[in-house]
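Structure at a glance
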Amino acid sequence: ATLLDGDGRPVRPCILWNDGRSGKQCEELTRTEPKIQTLGGNLVMPGFTAPKLQWVRENEPEIFARTERVLLPKDYVRFRLTGDYVGDMSDSAGTLWLDVARRDWSDDLLAATGLDRSKMPRLVEGSESSGTLKPDLSARWGFETPPVVAGGGGDNAAAACGVGAVDPGSAFVSLGTSGVLFVTNDRFSPNVDGAVHAFCHAVPQTWHQMGVILSATDSLNWLAGILKKSPGELTHALGRVSGPSAVSFLPYLGGERTPHNDVDIHAGFAGISHETDDAALTHAVLDGVAFALKDCLEALSVAGTTMDRVLAVGGGSRSNTWLESIASLLNVTVDVPVDGDFGASLGAARLGQAAALGSSDGIFGKPALQTSIDPVPSLSEHYAEAYGRWRKLYPAFKQAGF
């Protein structure tokens, strides 16, 4: 949340996305304005912008009174570059003030936090021009013609543009610090009860859903730190696996988003014995993350989404062992690009190219593939059984107060 006064100057430090101070405001907004979930398409969580502003309204009323514009951080950078207040659809969908289906600000949702459209930036699509660089900056940096500044996008929407996941049905799985199962849709398709994120995509008249888990490679990194080995050493020593682990792991090191929206749940192992060694723990962690992604797929399915293949990106996509387990568990083909470490910066550059050219034709291509990993039917059957057992652990941990 970037709050500006009437002269475009910040009135307080930004409140970061992972600041949890607005938990009480989330509960109140959910109770007093039910449309925040139906129009906004997401559970009200402290990570979104609207509850942060409600916290400021209640706890810093003098700051709230001075606030004339509310921007997201990149849109403040845009304001300094162009002099215009503009936001894009995909990032703005993460404020909970957007009517996501209509791709426009909602007067009712803004009013719920004491705001109106005059406080909001103008909206553009991510692949559209949002303005041009100011003349003084163009002169300072040596541009003869002021360059176009694209609408841009939120991080995952931009990453999707980088891997070519812009057509309805295209999907990717990101195995980074957190994990994301992302699918592009031709319509707004929320599943609020399953803690699915439903946003506008960064390209026109397209939406996307995300199932998000908070600890993907972070779980493996945590185990590596405990065992005093590198993640690469652990996965290399494990080698290929021929089925699910006998040990189970819940990867809730920092709580969980999809499908539980539970900040209090903790991680844990189950089924440890005298025979459990480093390889067994590593196998359990890889499977636990894969099972959590299966939870995401189930939540997306409730919203009417199906997929038969996903592109694997992020640091964890370097482990074929992990991807083989995910392919068989999710029963999808996993495409592995030649270079799996794609960042959102490539997608942002593509959005900039589309804005500069006035067309997105041929820009959002898919990367060259190194290999494709198909599900193994026999493994899929064993993993389905293991997933059924694993699903019983969350309610058991919850009941026990872990």
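Check the entry above for the structure.
The present account deals with the structure reproduced in this document. Per chain, residues are indexed from 1 in the order of the written sequence. Predicted model: local features are reported for residues with pLDDT of at least 70 only, side-chain atom pairs are reported and counted for 80 or more only, and whole-chain, interface and lining totals are derived from all residues. For side-chain calculations, the full set of non-hydrogen atoms in the structure is used, while hydrogens and water are omitted.

1. Quick notes on the overall build of the chain
A run of H or I in DSSP counts as a helix once it spans at least four residues, and a run of E counts as a strand once it spans at least two, with each numbered from the N terminus. Each helix and strand counted, the chain has 16 helices and 17 strands in total. By the compact-globule yardstick of 21 Å for 402 residues, the chain fits well, its C-alpha radius of gyration being 22 Å. The principal-axis extents of the C-alpha atoms in the chain amount to approximately 65 × 45 × 40 Å. Exposed residues in this analysis have more than 50% of their type's maximum accessible area, buried residues have under 20%, and partly exposed residues fall in between, with area computed by a 1.4 Å probe over protein chains only. Considering the chain as a whole, with its 402 residues, one finds that 56% of them fall into the buried category. Throughout, a contact is declared for two residues whenever any of their heavy atoms are within 4.5 Å. Restricting the contact set of the chain to residue pairs at least 6 apart, pairs at least 24 apart contribute 72%. Approximately 17200 Å² of the chain is accessible, and the part contributed by carbon and sulfur atoms is 52%. Atoms considered for the radius of gyration are the C-alpha atoms alone. The globule rule reads 2.2 Å times the number of residues to the power 0.38. All accessible areas in this document rest on Shrake-Rupley with a 1.4 Å probe, and a residue is counted as covered only by the protein chains that are shown.

2. Some details on helix α5 (residues 73–82)
Along α5, the positions that sit buried rather than exposed are D75, Y76, R78, F79 and T82. Angular distribution of buried residues about the axis of α5 spans 155 degrees; they occupy a single face of the element. Residues of α5 that are buried in the fold lie against β1 (2–4), β2 (69–71), β3 (86–88), β7 (129–132) and β8 (148–150). Note on α5: the residue one or two positions beyond its end, G83, has a positive phi of about 85 degrees. The arc in question is formed by the directions pointing from the helix axis toward the C-beta atoms.

3. Quick look at the packing of helix α12 (residues 278–302) against helix α15 (residues 377–390)
The contact between α12 and α15 brings their axes to 11 Å, and the two run at 85 degrees. By the criterion of interaxial angle, the relationship of α12 to α15 is roughly perpendicular. Residues H283, D287, G288, F291, A292, K294, D295 and E298 of α12 form the contact with α15, whose participating residues are Y383, A386, Y387 and W390. Here, axes are lines fitted to C-alpha atoms. For helices the fit covers the stretch in contact, and angles between N-to-C directions go from 0 to 180 degrees. These descriptions rest on fixed angle ranges, namely under 35 degrees for roughly parallel, over 145 for roughly antiparallel, 65 to 115 for roughly perpendicular, and the rest for oblique.

4. Examining the pattern of salt bridges
Each reported salt bridge corresponds to a side-chain nitrogen of Lys or Arg within 4 Å of a carboxyl oxygen of Asp or Glu. Applying the stated criterion across every chain yields a total of 25 salt bridges. A salt bridge links K35 to E33; the nearest nitrogen and oxygen atoms lie 3.5 Å apart. Of the residues examined, E33 reaches a relative accessible area of 13% and is grouped as buried. D88 is the partner of K74 in a salt bridge, and the nearest nitrogen-oxygen pair spans 2.7 Å. Remark: D88 occurs in strand β3 and K74 occurs in helix α5; sequence separation between them is 14 residues. Here the residues in one salt-bridge network are K74, D75, R78, D88 and D91, joined through shared partners.

5. Overview of helix α14 (residues 344–357)
To estimate the expected span of a helix, subtract one from its residue number and multiply by 1.5 Å. Its 14 residues give α14 an end-to-end C-alpha distance of 20 Å, which sits within 8% of 20 Å, the value for a rise of 1.5 Å per residue. Among all positions of α14, only G347, R350, L351, A354 and A355 are buried. End-on view of α14: buried residues confined to an arc of 140 degrees, all on one side of the axis. Projecting away from the buried face of α14 at angles above 90 degrees are the exposed residues S345, A356 and L357. Buried residues belonging to α14 abut β7, β8 and α9 (155–162). Following α14 by one or two positions, G358 adopts a phi angle in the positive range, close to 75 degrees.

6. A closer look at the pairing of strand β11 (residues 197–200)
Residues in a regular strand point their side chains to alternate faces of the sheet. Two strands qualify as a pair provided DSSP detects at least 2 bridges between them. One ladder, built from four bridges, connects β11 with strand β12 (residues 207–213); its direction is antiparallel. Counted as the bridge partner of H197 is M210 from β12. The turn joining β11 and β12, which pair antiparallel and follow one another in sequence, is formed by six residues; a positive phi near 50 degrees is taken by Q205.

7. Points about a nonpolar patch on the surface
A surface patch of nonpolar side chains, about 270 Å² in accessible area, is lined by W222, I226 and L253. Tracing the backbone through its elements, the reader meets W222 in helix α10 (residues 217–227). Classification of W222 as partly exposed rests on a relative accessible area of 34%. Exposure above 30% relative accessible area and the absence of a salt bridge qualify a residue for a patch, where like charges join within 9 Å and nonpolar side chains (Val, Leu, Ile, Met, Phe, Trp, Tyr) within 5 Å.

8. A word on the packing of aromatic side chains
The pairing test for Phe, Tyr and Trp rings, Trp by its six-membered ring, is centres within 6.5 Å, and the orientation test on the planes gives stacked under 30 degrees, edge-to-face over 60, and tilted for anything in between. Here the structure, examined in full by the defined rule, presents 13 aromatic pairs. Taken together, a centroid distance of 4.7 Å and an interplanar angle of 15 degrees make the contact between F172 and F182 stacked. Here F172 is found in strand β9 (residues 171–175), whereas its partner F182 is found in strand β10 (residues 179–185), with ten residues between them in sequence. For the pair shown, F172 and F182 are each scored as buried. Here R103 stacks its cationic end above the ring of W207, 4.8 Å away from the centre of that ring. Each ring is checked for a lysine NZ or an arginine CZ that lies within 6 Å of its centre and within 35 degrees of its normal; such an atom marks a charge sitting over the ring.

9. Here we look at the sheet that holds strand β16 (residues 333–337)
With mixed pairing, the seven strands of this open sheet are ordered in space as β11-β12-β10-β9-β15-β16-β17. If you trace the sheet from one side to the other, it starts and ends with β11 and β17 (369–373), each paired once. Strand-to-strand twist of the sheet, defined as the mean angle between neighbouring strand axes without regard to direction, takes the value 25 degrees.

10. Some remarks on the packing of α10 against α12
Where α10 contacts α12, the two axes come as close as 9 Å, and the packing angle between them is 165 degrees. The pairing of α10 with α12 is recorded here as roughly antiparallel in orientation. Helix-helix and strand crossings are classified by hand; for α10 and α12 the assignment is right-handed. Side by side, α10 and α12 meet where S219, L220, L223 and L227 of the first sit next to D278, L281, T282, V285, L286 and V289 of the second. Nonpolar residues are Ala, Val, Leu, Ile, Met, Phe, Trp, Tyr, Cys and Pro. Charged residues are Asp, Glu, Lys and Arg, and all others, Gly as well, are polar. Here the residues of the contact of α10 with α12 are counted per class, giving seven nonpolar, two polar and one charged. Crossings are sorted by hand: turned counterclockwise from the far helix by less than a right angle, the near helix makes the crossing left-handed, and turned clockwise it makes it right-handed.

11. What to know about the nonpolar core
L175, L181, M307, V310, I326, V334 and W390 are the most contacted members of the largest nonpolar core, which has 53 residues in total. Sort the elements by how many residues they give to this core and α12 lands first, with 13 residues. When sequence neighbours within four positions are dropped, the list of residues in contact with L181 reads F172, V173, Q209, M210, G211, L293, C296, L297, L300, M307, V310 and L330. Joining through side-chain atoms within 4.5 Å is the link that ties buried Ala, Val, Leu, Ile, Met, Phe, Trp, Tyr and Cys residues into a set, and such a set is a nonpolar core. F64, V70, C200 and V313 belong to the second largest nonpolar core, which has 49 residues in total.

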